[in-house]
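Structural characterization, general
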Amino acid sequence: MTYEHATIVITLSVATALRKLAQMLDRNETDGMFTTSLSVTGNLPASHFVSSGQVPKVFMQAVRSPALLNTQAQAAFAREGAAYPYTLTQITAVLAACSISDGTRTVLVDTVPTVVSEGPHEFIARLGLKMIREAV
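The paragraphs below set out a description of the structure included in this document.

The rules we used
- Residues numbered from 1 in each chain as written.
- Predicted model: local features only at pLDDT ≥ 70, side-chain atom pairs only at ≥ 80, totals over all residues.
- Heavy atoms only, no water.
- Helix = DSSP H or I, 4+ residues; strand = E, 2+ residues; numbered from the N terminus.
- Buried < 20%, exposed > 50% of the residue type's maximum accessible area, 1.4 Å probe, protein only.
- Contact = heavy atoms within 4.5 Å.
- Areas by Shrake-Rupley, 256 points an atom, 1.4 Å probe, with all protein chains shown as cover.
- Lys, Arg positive; Asp, Glu negative; His and termini not counted.
- Charge placed at Lys NZ, Arg CZ, Asp CG, Glu CD.
- Pairing = 2+ DSSP bridges.
- Phe/Tyr/Trp six-rings, centres within 6.5 Å; stacked < 30°, edge-to-face > 60°.
- 1 Å grid on protein atoms, 1.4 Å probe; cavity = no way out; pocket = protein on both sides within 12 Å on 5 of 7 lines; lining within 4 Å.
- Points joined across faces, edges and corners; volume = space filled by probe spheres on them.
- Nonpolar A, V, L, I, M, F, W, Y, C, P; charged D, E, K, R; others polar.
- Axes fitted to C-alpha atoms, helices over the stretch in contact; angles between N-to-C directions.
- Parallel < 35°, antiparallel > 145°, perpendicular 65-115°, else oblique.
- Left-handed = near helix turned anticlockwise from the far one by under 90°.
- Expected span 1.5 Å × (residues − 1).
- Arc of directions from axis to C-beta.

Considerations on the overall build of the protein
Along the backbone of the protein there are six helices and seven strands. Ordered by position in the sequence, the α and β elements of the protein form the string β-α-α-β-β-α-α-α-β-β-β-α-β. Here the protein holds 136 residues, and 39% of them are scored as buried. Long-range contacts, defined here as pairs at least 24 residues apart, represent 66% of the contacts in the protein between residues at least 6 apart. Approximately 7,700 Å² of the protein is accessible, and the part contributed by carbon and sulfur atoms is 55%. A distance of 5 Å separates the average location of the 10 positive side-chain charges in the protein from that of its 10 negative side-chain charges.

A word on the pairing of strand 6 (residues 112-117)
In terms of burial, strand 6 is largely open, as just zero of its six residues are buried. In the sheet, strand 5 (residues 104-109) pairs with strand 6 via six bridges, with the strands oriented antiparallel. Following the sheet pairing, Thr106 is matched in strand 6 by Val115. Connecting strand 5 to the antiparallel partner strand 6 that follows it, the hairpin turn spans two residues, and Asp110 within it adopts a positive phi of roughly 50°.

Some details on the packing of aromatic side chains
Here the structure, examined in full by the defined rule, presents three aromatic pairs. Aromatic side chains Phe77 and Tyr84 sit 5.2 Å apart centroid to centroid with 80° between the ring planes, which places their arrangement in the edge-to-face category. A centroid spacing of 5.8 Å and a plane angle of 75° characterise the contact between Tyr84 and Tyr86, whose relative ring orientation is edge-to-face. A connected cluster of aromatic rings, assembled from ring pairs, spans Phe77, Tyr84 and Tyr86.

Considerations on empty space enclosed by the protein
Using the criterion set out here, one finds one cavity of 30 Å³ or more in the structure. What the largest cavity holds in volume is close to 30 Å³. In this structure, the largest cavity is lined by Leu25, Asp26, Thr30, Pro56, Val58 and Phe59. Grouping the constituent residues of the lining of the largest cavity by class yields four nonpolar, one polar and one charged.

A look at the packing of helix 4 (residues 66-79) against helix 5 (residues 88-96)
Where helix 4 meets helix 5, the closest approach of the two axes is 9 Å, and the angle between their N-to-C directions is 120°. Accordingly, the angle class assigned to the pair helix 4 and helix 5 is oblique. Crossing handedness for the pair helix 4 and helix 5: right-handed. Mapping the contact onto sequence places Pro66, Ala67, Leu69 and Asn70 in helix 4 and Leu88, Ile91, Thr92 and Leu95 in helix 5. Considering only residue class, the contact of helix 4 with helix 5 consists of six nonpolar, two polar and no charged.

A closer look at helix 4
Compared with an ideal rise of 1.5 Å per residue, which puts 14 residues at 20 Å, helix 4 spans 20 Å between its outermost C-alpha atoms and is within 8% of the ideal. Every buried residue belonging to helix 4 is among Leu69, Asn70, Ala73, Ala76 and Phe77, and all of these are buried. All buried residues of helix 4 project into a common sector of 135° when viewed along the axis, lining one side. Residues Ala78 and Arg79 are exposed on helix 4 and point more than 90 degrees away from its buried face. The elements touched by buried residues of helix 4 are helix 1 (12-25), helix 3 (57-63) and helix 5. Within two residues after helix 4, Gly81 carries a phi angle of roughly 70°, on the positive side.

Quick look at the structure:
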């Protein structure tokens, strides 16, 4: 399996659906995604969740295309013998609530578009969010 580095930030409103979709697509590789809590203040309650690191390329391709995610998820649910609970419209809405970074972004340097690296913490900050430090 091939992987790519990514940081994916999702809103609270789609967290349950996207966690389930990720789990159904590849339980071994994506189980446990989207569990790190974020908010504007860095305090509870969470408004967003993030996953960052090496993500299966197949999953990354799917989350960039509602039609592909819908098709792959339908097949995954069918393999498990489970009813598929989403429509393409719902999948499109779920993905619209995601912000995805491949670790780079394009900025203007002296009016020239330039690709620069951007780590997950910088990406989260650019979205105006902070990690929630939950009590252990």
